[in-house]
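Each chain, written out:
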Amino acid sequence: MSRVRVAAVQAEPKWLNLSAGVEQTIEYIASAERGGAQVIAFPETFLPGFPWWMWLNSVDWGEEFLARYLANALTADGPELRAIAYAARRTGVHVSIGFAERAGHEVFMSQALIDADGTIAVARKAEPTGLERTVFNASPGGGPLVRDTVHGRIGVLGGADHLRADLRGQMHDQREQLHVAAWSGFTVYYGEGKEWGPDLNTAASVRYAMDGSTHVIAPVAVVPVAGWEVVDARMPERRLLRGGGGLSRIFGPGGLELAAPLAEGEEGLLYADLDLGRTVRPAAAAAPRGERLPVRGPSGRIVRREPVRVGLAGA
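Residues numbered from 1 in each chain as written. Predicted model: local features only at pLDDT ≥ 70, side-chain atom pairs only at ≥ 80, totals over all residues. Heavy atoms only, no water.

A. Geometry of the overall build of the chain. Scanning the chain for helices and strands turns up seven helices and 17 strands. Considering only intrachain contacts with a sequence separation of at least 6, the fraction spanning at least 24 residues in the chain is 68%. Put simply, the chain shows about 13,100 Å² of open surface, and 50% of that area lies on carbon and sulfur atoms. (Helix = DSSP H or I, 4+ residues; strand = E, 2+ residues; numbered from the N terminus. Contact = heavy atoms within 4.5 Å. Areas by Shrake-Rupley, 256 points an atom, 1.4 Å probe, with all protein chains shown as cover.)

Next comes the structure, spelled out in structure tokens:
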């Protein structure tokens, strides 16, 4: 199918509340179906929200929030991801969602691509940024997440991975027709330059669309100041986080914007109708690098090779 309607989520996560976040996710999937979308993309670590407290380097918040964050992270074989997969199957909407994945006492920045039949493919971020590593574990050897679907070849990367030339090259070699550039939000410190704000990140999404000759859905979380306005006791300049966030976008292969954006901080879905047959560089079958991506099988274990169908209760 060359024509597909897509939706980019622009919303505030249900911070550190996994059950409420799953309900919110399922509601957005249902809303996307009502809007005629066949693909919906959520921001990076939308469940249970990106841990912005690490930017504050707070001695008071760090340990408390890390424990709560781990408690509200998902497991790849848990009921929360199965519930989202069931919603995808019930609505017929393909889902891309970023989540914090708990594995024992470790937590990873993971992405899931869920087909409309309930098949789940999961990939962990191989190299979180230095700051992200204060919370998340690295997962060396993880390959890029790219899947063949009835709506074309879909791939996903999270956040700062779009600034890595090696990863961009690997993804471009995969000949995506549709790429999800999942951003956790564009919250920065007051007083920082624009290089740390939304301009750089949006430009990275545009460049990706142009270099890869692919459509790009760039969902971004809304991050209000009220949720994270905490002074770092160890920093005399008393800088605060600047909120707002949002700024989700959808771009064509030439980098042109395909939908009028929502207002900054507004919550909702951004829609666009894409013609995947009009990509500048045809999505011919390029040989993937490395192993197949981790896929969750009917037994609930993570399978690292060919995808299988996930078992859903009541199916």
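B. Inspection of the packing of helix 1 (residues 18-34) against helix 4 (residues 79-91) at higher detail. Direction vectors running N to C along helix 1 and helix 4 enclose 10°, while the axes themselves pass 10 Å from each other. In terms of their interaxial angle, helix 1 and helix 4 are classed as roughly parallel. Of helix 4, the residues touching helix 1 (which contributes Leu18, Val22, Thr25, Ile26, Ile29, Ala30 and Glu33) are Glu80, Ala83, Ile84, Ala87, Arg90 and Thr91. Of the residues that constitute the contact of helix 1 with helix 4, the class distribution is eight nonpolar, two polar and three charged. (Axes fitted to C-alpha atoms, helices over the stretch in contact; angles between N-to-C directions. Parallel < 35°, antiparallel > 145°, perpendicular 65-115°, else oblique. Nonpolar A, V, L, I, M, F, W, Y, C, P; charged D, E, K, R; others polar.)

C. The arrangement of the nonpolar core in detail. Core analysis: the biggest nonpolar cluster contains 28 residues, and Ile40, Phe42, Leu47, Ile84, Val95 and Ile114 have the highest contact counts within it. Contributing elements (two or more residues each) for this core: strand 1 (3-10), helix 1, helix 4, strand 3 (94-103), strand 4 (106-114) and strand 5 (120-124). Every residue in contact with Ile84, bar those within four places of it in the chain, is listed here: Val22, Thr25, Ile29, Leu47, Val95, Ile97 and Ile114. Core analysis: the next-biggest nonpolar cluster, separate from the first, contains 21 residues, Leu178, Val180, Ile250 and Ala272 among them. (Core = buried A, V, L, I, M, F, W, Y, C linked by side-chain atoms within 4.5 Å. Buried < 20%, exposed > 50% of the residue type's maximum accessible area, 1.4 Å probe, protein only.)

D. Local environment of the environment of Trp52. Inspection of the secondary structure puts Trp52 in the loop between strand 2 (39-41) and helix 2 (53-56). A sequence separation of 132 residues divides Trp52 from Ser184, and the C-alpha atoms of the two residues are 9.5 Å apart.

E. Just the pattern of salt bridges, in detail. Overall, the coordinates contain 12 salt bridges when judged by the stated rule. Two residues, Glu44 and Lys125, come together in a salt bridge whose shortest N-O distance is 3.1 Å. Note that Glu44 is positioned in the loop between strand 2 and helix 2 and Lys125 in the loop between strand 5 and strand 6 (145-149), a separation of 81 residues in sequence. According to the relative accessible area criterion, Glu44 is buried, its value standing at 4%. Two residues, Glu257 and Arg249, come together in a salt bridge whose shortest N-O distance is 2.8 Å. (Salt bridge = Lys/Arg side-chain N within 4 Å of Asp/Glu carboxyl O.)

F. Local environment of the pairing of strand 8 (residues 178-182). The element strand 8 is extensively covered by neighbouring structure, given that five of its five residues are classed as buried. Side-chain alternation along strand 8 places Leu178, Val180 and Ala182 on one buried face and His179 and Ala181 on a second face that is also buried. By the bridge criterion, five bridges tie strand 7 (residues 152-158) to strand 8 in an arrangement that is parallel. Note that in strand 8 the partner of Leu157 across the bridge is Ala181. Taking the sense of rotation as the criterion, the β-α-β connection linking strand 7, helix 5 (residues 165-173) and strand 8 turns out right-handed. (Pairing = 2+ DSSP bridges. Right-handed = clockwise from strand over helix to strand, strands pointing away.)

G. Region of the structure containing the packing of helix 5 against helix 6 (residues 198-212). Where helix 5 contacts helix 6, the two axes come as close as 10 Å, and the packing angle between them is 45°. By the criterion of interaxial angle, the relationship of helix 5 to helix 6 is oblique. With respect to the hand of their crossing, helix 5 and helix 6 are arranged in right-handed fashion. Residue-level inspection shows Arg168, Met171 and His172 of helix 5 in contact with helix 6, the latter providing Arg207, Tyr208, Asp211 and Gly212. Class assignment for the residues of the contact of helix 5 with helix 6 results in two nonpolar, two polar and three charged. (Left-handed = near helix turned anticlockwise from the far one by under 90°.)

H. Summary view of the packing of aromatic side chains. For the structure shown, the criterion picks out four aromatic pairs. When the centroid spacing of 4.8 Å and the interplanar angle of 65° are considered together, the rings of Phe50 and Trp52 count as edge-to-face. Residue classification places Phe50 among the buried positions, given a relative accessible area of 5%. Across from the ring centre of Phe108, 4.0 Å away, lies the NZ or CZ of Arg124, which sits over that ring. (Phe/Tyr/Trp six-rings, centres within 6.5 Å; stacked < 30°, edge-to-face > 60°. Lys NZ or Arg CZ within 6 Å of the ring centre and 35° of its normal.)

I. Seen up close, unusual backbone geometry. A cis amide bond links Leu47 to the next residue, Pro48, at an omega of -5°. Within the fold, Pro48 resides in the loop between strand 2 and helix 2. With phi around 55°, Leu16 is a residue other than glycine that occupies positive phi space. Structurally, Leu16 is set in the loop between strand 1 and helix 1. Phi at Arg175 takes a positive value of approximately 55°, unusual for a residue other than glycine. Positionally, Arg175 belongs in the loop between helix 5 and strand 8. By relative accessible area, Arg175 is classed as partly exposed at 28%.

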